Amino acid sequence: MNLKTEQLLDNFSFTEKEPRLYSTGVHLVPLEIEKENGKRFVWVVDEFDDETYDGNGDLITPREYADSVERLIQKEEK
């Protein structure tokens, strides 16, 4: 079950669906979320270490933190 499905079952949602990335090397840390019916935990990216690709298979450089979804991704020049 993915994170989006879990959130829908809990009647709660905070994530965007796009962009969806694939990375061969990433460091994850747990994030605790408190809700009315208890605590939940999700994995969040702490650091990217290896190649990351967008849905088209293009190599990108993801940022761990940004002020918009668009600025989370830096496209690599071919």
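What you are looking at is a predicted structure, and each value in this text was computed from that prediction instead of being measured.

Of the two faces of strand 5 (residues 59-62), only one is covered, namely that formed by Ile60 and Pro62; the face formed by Leu59 and Thr61 stays uncovered. Pairing of strand 4 (residues 52-53) with strand 5 involves two bridges; the strand directions are antiparallel. Following the sheet pairing, Tyr53 is matched in strand 5 by Leu59. Hairpin remark: strand 4 followed by strand 5, antiparallel, with five residues in the connecting loop; positive phi at Gly57, about 85°. With three bridges connecting them, strand 5 and strand 6 (residues 73-75) associate as antiparallel partners. Note that in strand 6 the partner of Pro62 across the bridge is Ile73.

Next up on the list: a nonpolar patch on the surface. On the surface, Val26, Leu28, Trp43 and Val45 cluster together into a nonpolar patch covering about 370 Å² of accessible area. Among the elements of the structure, strand 2 (26-35) and strand 3 (38-48) are those that each provide at least two residues to the nonpolar patch. Mapped onto the fold, Leu28 is located in strand 2.

Cut-offs applied
Residues numbered from 1 in each chain as written. Predicted model: local features only at pLDDT ≥ 70, side-chain atom pairs only at ≥ 80, totals over all residues. Heavy atoms only, no water. Buried < 20%, exposed > 50% of the residue type's maximum accessible area, 1.4 Å probe, protein only. Helix = DSSP H or I, 4+ residues; strand = E, 2+ residues; numbered from the N terminus. Pairing = 2+ DSSP bridges. Patch = residues over 30% accessible without salt bridge, like charges linked within 9 Å, V, L, I, M, F, W, Y side chains within 5 Å. Areas by Shrake-Rupley, 256 points an atom, 1.4 Å probe, with all protein chains shown as cover. Salt bridge = Lys/Arg side-chain N within 4 Å of Asp/Glu carboxyl O.

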